[in-house]
Amino acid sequence: MPVSFYMVNIMTTQSKHNFSLEFFPPKTAEGTEKLRATRQQLATLKPEFFSVTFGAGGTTQDGTLSTVLEIQREGLQAAPHLSCIGSTREKIGELLQTYRDNGIKRIVALRGDIPSGMVEVGEFRYANELVEFIRTQHGDWFHIEVAAYPEYHPQAATAQADIANFVHKAKAGADSAITQYFFNPDAYFAFVDEVRAQGVDIPIVPGIMPINNYTQLARFSDACGAEIPRWLRLKLQGLGEDTASIKALGLDVITSLCEKLLAGGAPGLHFYTLNAAPTVTSIWQRLKLS
Ligand SMILES: Cc1cc2nc3c(=O)[nH]c(=O)nc-3n(C[C@H](O)[C@H](O)[C@H](O)COP(=O)(O)OP(=O)(O)OC[C@H]3O[C@@H](n4cnc5c(N)ncnc54)[C@H](O)[C@@H]3O)c2cc1C
């Protein structure tokens, strides 16, 4: 398909798409300052919302709340991630009430992963139970996002079981989904087709991981089960420590991926910013999203 087709498609349907940006809560005063500066730059792109991750089992949880409230005070829409593993109904209930009291309207509802050393699974086993809990306690107050895995969750018993679990979770009351990152658009389109055939019609927004650093990307991908295609892995490896060339290649690869996704009907894009503005801004500009 010619590039011009992609660009026309993106430009004409831009207003219907949802673009969002994800941060992690900083752990230091310096990190907090850096994130403020990053946010100021990224706010100019006018994303629909900023989401903030949440550490299952204790780590970074206060940081999520304070970061979300700061974003909200700045007049921007903030969506806390909330992972339920290792927690109780009481604790999750209190946190939801705090968010509601502060005018937060969107939650990314997750199971999370049990941190090593923690033995208590808690009162929720899977994210569908959290979705049901939020709906029971708060009706339609929150827009609930859930996670989706076009290349399947690393702990899935089978691909079919993972799809069935996603369908179950979506039907428990999710409003939309954000995917784990991936580099193969066909995996995303096949996933969407399969869940649509099973009656799920919520928007499924691709999660996009910018490429800046091969070692870090390989580590993340091994942990979360996102496949780096052989051609891309070898090309990145071949660039060694040449950071500028890695970033240039990454920009081309990710921009092209986003173009294909939007042209193929993806309802938006969710960028994993890793609390940095430049690469996401460059991709955004290349896609002519603002
Ligand atoms: C967009 C996005 C944001 C994320 N943000 C965070 C974050 O902020 N903090 C964090 O800790 N982690 C985060 N994660 C990672 C996520 O917590 C992990 O991938 C976790 O292992 C699964 O969470 P989930 O909500 O997808 O779980 P679930 O939907 O519960 O699925 C987990 C596994 O259990 C299986 N399963 C689901 N339901 C059932 C069931 N009823 N019976 C049997 N098996 C079932 C699924 O097939 C899957 O293998 C994020 C992931 C994504 C994609």
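Here, every reference points to the structure presented above.
Now for a description of the structure that goes with this document. These numbers were taken from a predicted model, which means no experiment stands behind them. (Residues numbered from 1 in each chain as written. Predicted model: local features only at pLDDT ≥ 70, side-chain atom pairs only at ≥ 80, totals over all residues. Heavy atoms only, no water.)

**Re helix H8 (residues 214-224)**
This is how the line gets drawn: Relative accessibility under 20% of the residue-type maximum defines a buried residue, over 50% an exposed one, and the middle range a partly exposed one, all with a 1.4 Å probe and only protein chains included. Each helix corresponds to a stretch of at least 4 residues labelled H or I by DSSP, and each strand to a stretch of at least 2 residues labelled E; elements are numbered beginning at the N terminus. Directions drawn from the helix axis to the C-beta atoms are what define this arc. Should any heavy atoms of two residues lie within 4.5 Å, those residues are counted as being in contact. The term polar contact refers here to a pair of N or O atoms within 3.5 Å; inside protein, the definition further demands a hydrogen-donor-capable atom paired with an acceptor-capable atom, and it admits residues adjacent in sequence only when both atoms are side-chain atoms.
Among the residues making up H8, those that are buried are Tyr-214, Leu-217, Ala-218, Ser-221 and Cys-224. Here the buried residues of H8 occupy an arc of 145 degrees about the axis, which is enough to place them on one side. Among the exposed residues of H8, those oriented more than 90 degrees off its buried face are Thr-215, Arg-219, Asp-222 and Ala-223. Its buried side turned inward, H8 meets strand E6 (176-181), helix H9 (230-238) and helix H10 (243-263). Taking the backbone nitrogen of Thr-215 as reference, a side-chain oxygen 3.0 Å away marks Asn-213 as the first, capping residue of H8.

**Concerning the nonpolar core**
Where we set the bar: Buried residues of nine kinds, namely Ala, Val, Leu, Ile, Met, Phe, Trp, Tyr and Cys, make up a nonpolar core once their side-chain atoms join them within 4.5 Å.
Phe-166, Ile-204, Ile-254, Leu-269 and Phe-271 are the most contacted members of the largest nonpolar core, which has 83 residues in total. Of the residues forming this core, the biggest block, 9 residues, is contributed by H10. The contact partners of Phe-166, leaving out residues within four places of it in the chain, are Val-146, Ala-147, Ala-148, Ala-177, Phe-191, Val-195, Val-200 and Ile-204.

**Quick look at the pattern of salt bridges**
Which entries qualify depends on this criterion: Salt bridges are identified by distance alone: a Lys or Arg side-chain nitrogen within 4 Å of an Asp or Glu carboxyl oxygen.
Scanning the entire structure with this criterion turns up 11 salt bridges. Where Glu-48 meets Arg-106, a salt bridge forms, and the shortest distance between an N and an O atom there is 3.3 Å. Taken together, the residues span a long stretch of sequence, with Glu-48 in the loop between helix H2 (29-43) and strand E2 (49-52) and Arg-106 in strand E4 (residues 106-110) at a distance of 58 residues. Using a relative accessible area of 32% as the deciding quantity, one classes Glu-48 as partly exposed. Three or more residues joined by partner-sharing salt bridges are found here, namely Glu-33, Arg-36, Arg-39, Glu-70 and Glu-74.

**Let's talk about the pairing of E2**
The cut-off we apply is this: Strands are labelled as partners when DSSP assigns at least two bridges between them. Handedness of a crossover is defined as follows: with both strands directed away from the viewer, a clockwise route from the first strand across the helix to the second makes it right-handed.
The alternating pattern of E2 places Phe-49 and Ser-51 on one face and Phe-50 and Val-52 on the opposite face, and all of these are buried. Two elements, strand E1 (residues 18-23) and E2, share 4 bridges in a ladder whose sense is parallel. In the sheet register, Leu-21 faces E2, and the bridge partner there is Phe-50. Where the polypeptide runs from E1 across H2 and back to E2, its parallel neighbour, the crossover connection is right-handed. In this sheet, strand E3 (residues 78-83) lies alongside E2 in parallel orientation, the contact comprising 3 bridges. Residue pairing for E3: Phe-50 is matched across the bridge by Ala-78.

**Some points on the site of the ligand**
Counted only if it meets this: Here a residue is near a molecule or strand as soon as one of its heavy atoms is found within 4 Å of it. For the area figures, the Shrake-Rupley method with a 1.4 Å probe applies, and any residue is considered shielded solely by the protein chains shown. All amino acids are sorted into three groups, where Ala, Val, Leu, Ile, Met, Phe, Trp, Tyr, Cys and Pro are nonpolar, Asp, Glu, Lys and Arg are charged, and the leftover types, Gly among them, are polar.
Close to the ligand lie 24 residues, the nearest being Phe-54, Asp-113, Tyr-149, His-153 and Asp-162. At 3.5 Å, a backbone N or O of Ala-156 approaches an oxygen atom of the ligand. Contacts to the ligand include Asn-165, whose side-chain N or O atom sits 2.9 Å from an oxygen atom. Compared with its free state, where it exposes 970 Å², the ligand has 84% of that area covered by protein. Counting residues per element, the ones that place at least two in the shell around the ligand are E3, helix H5 (127-138), helix H6 (159-171) and E6. Along the lines of polarity and charge, the residues of the shell around the ligand split into 10 nonpolar, 10 polar and 4 charged.

**With respect to the packing of aromatic side chains**
Aromatic ring pairs are reported here in terms of the distance separating the ring centres and the angle at which the planes meet. Note the cut-off: In this scheme Phe, Tyr and Trp rings, the latter by its six-membered ring, pair at centre separations within 6.5 Å, and the angle between planes marks the pair as stacked below 30 degrees, edge-to-face above 60, and tilted otherwise.
In the structure shown here, the tally under the stated rule is 9 aromatic pairs. A ring pair is formed by Phe-23 and Phe-50, whose centres lie 5.1 Å apart and whose planes are at 20 degrees; its orientation type is stacked. Taken as a pair, Phe-23 in strand E1 and Phe-50 in strand E2 lie far apart in primary sequence, 27 residues in all. Looking at Phe-23, the relative accessible area reads 1%, which means it is buried. Classification of Phe-50 as buried rests on a relative accessible area of 1%. The structure contains a cluster of three or more aromatic residues connected by ring pairs, namely Phe-19, Phe-271 and Trp-284.

**Remarks on the side chain of Thr-255**
Turning to its location among the elements, Thr-255 is positioned in helix H10. Within the structure, Thr-255 has its side chain in polar contact with the backbone oxygen of Leu-251 (distance 2.6 Å). For Thr-255, the residues in contact, after removing those within four places along its chain, are Ile-283, Arg-286 and Leu-287.

**Let's talk about the side chain of Thr-67**
Mapping Thr-67 onto the fold places it in helix H3 (residues 61-73). Under the relative-accessibility criterion, Thr-67 is labelled buried at 7%. Discounting residues that sit within four places of it in the chain, Thr-67 has contacts with Pro-25, Pro-26, Leu-35, Arg-39 and Val-52.

**Here we look at the sheet that holds E6**
Just so we agree on the cut-off: The axes used here are C-alpha line fits, helices contributing only the stretch in contact, and every angle between their N-to-C directions lies in the interval 0 to 180 degrees.
The strand order around the closed barrel formed by 8 strands is E1-E2-E3-E4-E5-E6-E7-E8, and the pairing between neighbours is parallel. The sheet shows a mean angle of 30 degrees between the axes of neighbouring strands, direction not considered. Bridging between strand E7 (residues 204-208) and strand E8 (residues 268-272) involves 2 bridges; their strand directions are parallel. Bridge pairing in E8 links Gly-207 to His-270. Here helix H4 (residues 89-101) sits on the sheet and contacts E3 and E4; the angle it forms with E3, its principal contact strand, is near 180 degrees.

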